[in-house]
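# Observations on the three-dimensional arrangement
Residues per chain are reported as follows:
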Amino acid sequence: MTDSAPSSGKSPRVRFAPSPTGFLHVGSARTFIFNWLYARHNGGTLVLRLDDTDVERNTDASVQSIFEGLRWLGLSWDEEYKQSERLALHRRQAEAIFAKGLAYRDFTPAHADPGEQSSSQGAWLFNPGMRELTREDSDRRATSGEPFALRYRVPRGEDRVLRFVDAVYGEQSKLADEVEDFALLRSDGNPTYHLASCADDADLRITHIIRGQDHLTNTFKHLLIFEGLSTPPPQFAHLPLLVAPDGAKLSKRRHGPVVSVTTYRDAGFLPQAFINFLCLLGWSPKDDREFMSLDEIREAFTLENVNRSNAVVNFTEEDPFDPKAVWLNAEHIRALSVEELSRQLAPFFAQAGFEATPEKILAVTPLIRERIKLLGEAPAAADFFFLPQLAPYDPAELIPSKGGDAAMALRVLQYAQEVLATTNFDHDSLDQALRAAAAHLGLKAGQAFQPIRVAVCGRKNAPPLFETMTVLGRELCLARIRQAMESLQTRE
RNA sequence: GUCCCCGUCGUCUAGCCCGGCCUAGGACACCGCCCUUUCACGGCGAUAACACGGGUUCAAAUCCCGUCGGGGACGCCA
């Protein structure tokens, strides 16, 4: 147990509470990961709670997409709730707060113009005339059916200071006079986020609320609600925000699919790499480790090591992924066994429309393992293994770069054809035969290999020649060399 | 506007709490060199930061104050 909490001694209970209003975005994913890490590091319980009190904006598709994203990450949770199924509790708690005189009815019509003079001077604090309504007037208007929102009666003029100690940001305090009379219940009777969230956190016995820093100032309101609920508040830990290169908070609206978890998945990020990247944004093990396994991260994770400043996710128009994320992914790819990597690669080959058997993929995997940073790059990196017919050759590429000409290329291919007809197609035999061929032609190995490589792979940059040819097989290699020769000849 | 938070290389960060070991460390990216049949991997190297101004102190990235800059919250959204 690293963090001393009010509930220290008991096993911690944390929650991840996304609101289903779109795809799972990377900021939410990170919050989820931090909650998971905290729970698993401390032998606690992770609760998943769908904060779906906004009927207007919630969609089933969003719920699906959130679960899809979470499942992809592969981090398990222990309990699951839906706020919309707990409305009775929320209303009961709102009434209890009202009964204590800590809240009042606000009959101001919904969506009333908030304008006024408030903009010129500080923040809005409450609608005039409502806070002071007598209980009798309030009851009369309520029973007559006039709609109202329920607002918290925030202490005024008492110099009351709201305080809490944030596990990340330290001591926090704010004058109650600066907190507005926030809503608990909407005029349709539904709870607001603040009420539902706190009522549920209390009811679910949440001990630590780990969430984005955008909630830091909301916490003062939550303190008031917990007080109204007569429940000691949980411990809070706010996470620095993930921001775009322009410094603004990452948002679905402004930044689009580049902030969606599925974008990373579809491009071929490994979940462990994605997790590794995300937890390095705002947290560090305080040593020089960066490439870490989930287990290593879990063991090292503490709230004390969380930073306080926002972290930039470095994406651009041209490249949606942070270079460091890509690098980490490449590292994780190389850490996989060939068998495991080939399994991960299979769906990407299938999606590219290649007829790729597991055996073929297994043979190809070691040849592209060091050459891809994202799983999604595999089909392009290995296309010539699967394509029955290569795209037309670029004769210029067939010609050795260092002072060669078409005739030389032709001679190489011609001779290679003869040699290859009888050579065993294993690495050592090919190595020996082709090097000898180069020597025979009076060429350097590099010069002689280029025409062959281009003939066989269709391009200059490819995996090592001998291994590649071994996988391709004699028949295909010879056929392609013949085609390459034809393309050189027809050019002349 | 009011309140809250933040400010070390382009980016992620170590160091800050407990001043000296910091002529500020690591990583990614970029550039160069090496390895090499191409590409990639790997190795080596280079460029690059304590926002600014005042204090306190023998000594400040580290403590204090101010300024500036950035972000967040101020909804019957979450």
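As the structure is a computational prediction, the values presented were derived from the model and not from experiment.

## Observations concerning the sheet that holds strand β5 (residues 149–152)
- Reading across the sheet, the three strands line up as β4-β5-β8 and stay open at both edges, with antiparallel pairing between neighbours. The open sheet is flanked by β4 (103–106) and β8 (183–185), the only strands paired with a single partner. Between one strand axis and the next, the sheet turns through 40° on average, direction left out of account.

## Section: the packing of aromatic side chains
- The tally for this structure, following the rule as stated, stands at 19 aromatic pairs.
- Ring-pair connections join several aromatic residues into one group, and the members of that group are Trp72, Tyr264, Phe269, Phe274 and Phe321.
- Sitting above the plane of the Phe34 ring, Arg30 keeps its charged end 5.3 Å from the centroid.
- Between the NZ or CZ atom of Lys252 and the centre of the ring of Phe23, over which it lies, the distance is 5.8 Å.

## Things to note about the pattern of salt bridges
- Within the structure shown, the criterion is met by 28 salt bridges.
- The salt bridge involving Glu331 is made with Arg334; its shortest N-O contact spans 2.9 Å. Highlighted residues: Glu331 and Arg334, both in helix α11 (residues 323–335), separated by three residues, approximately one helical turn.
- Residue Asp431 pairs with Arg435 through a salt bridge whose shortest N-O separation is 2.6 Å. Remark: Arg435 and Asp431 occur in helix α18 (residues 427–440); sequence separation between them is four residues, near one turn of the helix.
- Asp431 gets classed as buried once you look at its relative accessible area, which sits at 18%.

## Focus on the protein's contact with RNA strand B
- Taken together, 69 residues form the shell around RNA strand B, and within it Thr108, Arg186, Lys286, Glu370 and Arg453 come nearest.
- Close to the protein, within 4 Å, the atoms of RNA strand B belong to sugar or phosphate groups at a rate of 74%.
- The separation between a sugar or linking oxygen of RNA strand B and a polar side-chain atom of Asp54 is 2.6 Å.
- Taking Asn461, its side chain carries an N or O atom lying 2.9 Å from a sugar or linking oxygen of RNA strand B.
- At the level of secondary structure, the elements contributing two or more residues to the surface near RNA strand B comprise β5, β7 (170–175), α5 (193–203), β12 (311–312), α11, α19 (445–457) and α20 (465–472).
- Of all the elements, α11 adds the most residues to the surface near RNA strand B, at five residues.
- Per-class residue counts for the surface near RNA strand B are 22 nonpolar, 24 polar and 23 charged.

## Description of the environment of Glu340
- Here Glu340 shows up in helix α12 (residues 338–351).
- Overall, Glu340 belongs to the partly exposed group, its relative accessible area being 25%.
- Counting along the chain gives 25 residues from Glu340 to Thr365, while the straight-line C-alpha distance between them is 9.8 Å.
- Of the polar contacts made by the side chain of Glu340, one reaches the side chain of Arg343; its length is 3.0 Å.

## A closer look at the domain arrangement of chain A
- Splitting chain A by domain gives domain 1 (13–88 + 193–242), domain 2 (98–185), domain 3 (252–333), domain 4 (338–385) and domain 5 (395–491).
- When each unit is reduced to the centre of its C-alpha atoms, the spacing between domain 1 and domain 5 is 60 Å.

## Re helix α2 (residues 60–73)
- Taking 1.5 Å per residue as the helical rise, α2 with its 14 residues ought to reach 20 Å, and the 20 Å between its terminal C-alpha atoms agrees with that figure.
- Buried residues belonging to α2 abut β1 (13–16), α1 (26–41), β2 (45–50), β3 (79–82), α8 (261–267) and α9 (271–279).
- Trailing α2 by a residue or two, Gly74 shows a phi angle of about 80°, which is positive.

## Here we look at the packing of α18 against α20
- It is the contact of α18 with α20, at a shortest axis distance of 9 Å, that shows an interaxial angle of 120°. Relative to α20, α18 is oriented oblique. In terms of crossing hand, the pair formed by α18 and α20 is right-handed. Residues His427, Leu430, Asp431, Leu434 and Arg435 of α18 pack against Leu465, Phe466, Glu467, Met469 and Thr470 of α20.
- Class assignment for the residues of the contact of α18 with α20 results in five nonpolar, two polar and three charged.

## Some points on the nonpolar core
- Of all hydrophobic cores here, the largest spans 88 residues; its most connected members are Phe34, Leu73, Leu184, Ile225, Phe274 and Trp283.
- In terms of residues, this core owes the most to one element, α1, which gives nine residues.
- In this structure, Ala382, Phe386, Ala406 and Leu443 belong to the second largest nonpolar core, which totals 57 residues.

## Re the pairing of β2
- Of all six residues in β2, six are buried, a share of seventy percent or more.
- The side-chain alternation of β2 yields two buried faces, one formed by Thr45, Val47 and Arg49 and the other by Leu46, Leu48 and Leu50.
- In the sheet, β1 pairs with β2 via four bridges, with the strands oriented parallel. Note on β2: the bridge partner recorded for Arg15 is Val47.
- Examined bridge by bridge, β2 and β3 share four bridges and lie parallel to one another. In the sheet register, Leu50 faces β3, and the bridge partner there is Lys82.
- Handedness of the crossover joining β2 and β3 through α2: right-handed.

## Considering unusual backbone geometry
- Even without being glycine, Arg205 reaches a positive phi, approximately 55°.
- Mapped onto the secondary structure, Arg205 falls in the loop between α5 and β9 (208–212).
- Overall, Arg205 belongs to the exposed group, its relative accessible area being 59%.
- Not every positive phi belongs to a glycine, and Lys286 is a case in point at roughly 70°.

The rules behind each value
Residues numbered from 1 in each chain as written. Chains lettered and ligands numbered in written order. Predicted model: local features only at pLDDT ≥ 70, side-chain atom pairs only at ≥ 80, totals over all residues. Heavy atoms only, no water. Pairing = 2+ DSSP bridges. Helix = DSSP H or I, 4+ residues; strand = E, 2+ residues; numbered from the N terminus. Axes fitted to C-alpha atoms, helices over the stretch in contact; angles between N-to-C directions. Phe/Tyr/Trp six-rings, centres within 6.5 Å; stacked < 30°, edge-to-face > 60°. Lys NZ or Arg CZ within 6 Å of the ring centre and 35° of its normal. Salt bridge = Lys/Arg side-chain N within 4 Å of Asp/Glu carboxyl O. Buried < 20%, exposed > 50% of the residue type's maximum accessible area, 1.4 Å probe, protein only. Near = heavy atom within 4 Å. Polar contact = N/O pair within 3.5 Å; in protein donor to acceptor, adjacent residues only side chain to side chain. Nonpolar A, V, L, I, M, F, W, Y, C, P; charged D, E, K, R; others polar. Domains from an automatic or database assignment. Expected span 1.5 Å × (residues − 1). Contact = heavy atoms within 4.5 Å. Parallel < 35°, antiparallel > 145°, perpendicular 65-115°, else oblique. Left-handed = near helix turned anticlockwise from the far one by under 90°. Core = buried A, V, L, I, M, F, W, Y, C linked by side-chain atoms within 4.5 Å. Right-handed = clockwise from strand over helix to strand, strands pointing away.

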